[in-house]
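# Per-entry structural report
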Amino acid sequence: MDKPKLPKISVTTNYEMFKRINSNREINKNHLRKLRAGIQAKNLLYLFPIVVNKDMEIVDGQHRLKASEELCLPIYYIIDNSITKA
């Protein structure tokens, strides 16, 4: 049996390349504050990349993206071409 192909993890500080979609949760300021504190204490963002679709729309990770942007840290991301807005 063939092993599944693992997605490539990319990294950027160009936060503007990512787009929100209607299904994204609103940014929760309390969650964002706790996330920023955790990242400042021990930055593990490289272990938890955000997931975007082929149009660079955020499917998972809008809080991590916002925290990275506020802390001026690189964001790690995976493009999953099979994910759609649906």
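Here, the structure is the one placed above.
A brief structural summary.

Calculation notes
- Residue numbers here run from 1 along each chain, matching the order of that chain's written sequence.
- Per-residue local features of the predicted model are confined to residues with pLDDT of at least 70, and side-chain atom pairs are confined, for both listing and counting, to 80 or more; whole-chain, interface and lining totals are unaffected and use all residues.
- Only hydrogens and water are set aside; all other atoms, that is, all heavy atoms of the structure, feed into the side-chain values.
- Secondary structure counts use DSSP, requiring at least four H or I residues in a row for a helix and at least two E residues in a row for a strand, with both numbered from the N terminus.
- Categorising residues by exposure relies on relative accessible area from a 1.4 Å probe, with only protein chains included: less than 20% of the type maximum marks a residue as buried, more than 50% marks it as exposed, and the intermediate range marks it as partly exposed.
- When checking whether two residues touch, look at their non-hydrogen atoms; a contact exists if any pair is within 4.5 Å.
- Calculation of accessible area relied on Shrake-Rupley with a 1.4 Å probe; when residues are assessed, cover is drawn exclusively from the protein chains displayed.
- Grouping buried Ala, Val, Leu, Ile, Met, Phe, Trp, Tyr and Cys residues that are joined through side-chain atoms within 4.5 Å yields what is termed a nonpolar core.
- Here the term patch refers to residues with relative accessible area over 30% and no salt bridge, with like charges joined within 9 Å and nonpolar side chains (Val, Leu, Ile, Met, Phe, Trp, Tyr) within 5 Å.
- One side-chain nitrogen of Lys or Arg within 4 Å of one carboxyl oxygen of Asp or Glu is enough to make a salt bridge.

### Quick notes on the overall build of the protein chain
Per the secondary structure count, the protein chain includes two helices and four strands. Each helix and strand of the protein chain, placed in order from N terminus to C terminus, yields the pattern β-α-β-β-α-β. Seen through its C-alpha atoms, the protein chain measures out along the principal axes to roughly 40 × 30 × 20 Å. Every one of the 86 residues in the protein chain was classed for burial, and the buried ones make up 31%. For the protein chain, long-range pairs separated by at least 24 residues make up 78% of all intrachain contacts whose partners lie at least 6 apart in sequence. Roughly 6300 Å² of accessible area belongs to the protein chain as shown, and the carbon and sulfur atoms make up 54% of that amount.

### Some thoughts on the nonpolar core
In this structure, Y15, F18, I50, V52, M56, I58, L65, I75 and Y77 together form the largest nonpolar core, which totals nine residues. Elements that contribute at least two residues to this core include exactly β2 (50–52) and β4 (75–79). In contact with Y15, not counting residues within four places along its chain, are L65, S68, E69, C72, L73, P74 and I75.

### Considerations on a nonpolar patch on the surface
On the surface, L44, Y46, L47 and F48 cluster together to form a nonpolar patch covering roughly 400 Å² of accessible area. Tracing the chain through its elements places L47 in the loop between α1 (29–41) and β2.

### Section: the pattern of salt bridges
If you walk through the whole model with that rule in mind, you get four salt bridges. Residues K54 and D55 are paired through a salt bridge, measuring 3.7 Å at the closest nitrogen-oxygen approach. A relative accessible area of 54% places K54 in the exposed class. Look at D55 and you get partly exposed, because its relative accessible area is 36%.

### With respect to the environment of P4
Topologically, P4 is positioned in the segment before β1 (9–12). Take P4: its relative accessible area is 69%, and that puts it in the exposed class. The sequence separation of P4 and L65 amounts to 61 residues, and the corresponding C-alpha distance is 27 Å.

### Structural notes on helix α2 (residues 62–71)
If you check which residues of α2 are buried, you get Q62, H63, R64, L65, A67 and S68. Close packing links the buried residues of α2 with α1, β2, β3 (58–60) and β4. Following α2 by one or two positions, C72 adopts a phi angle in the positive range, close to 55 degrees.

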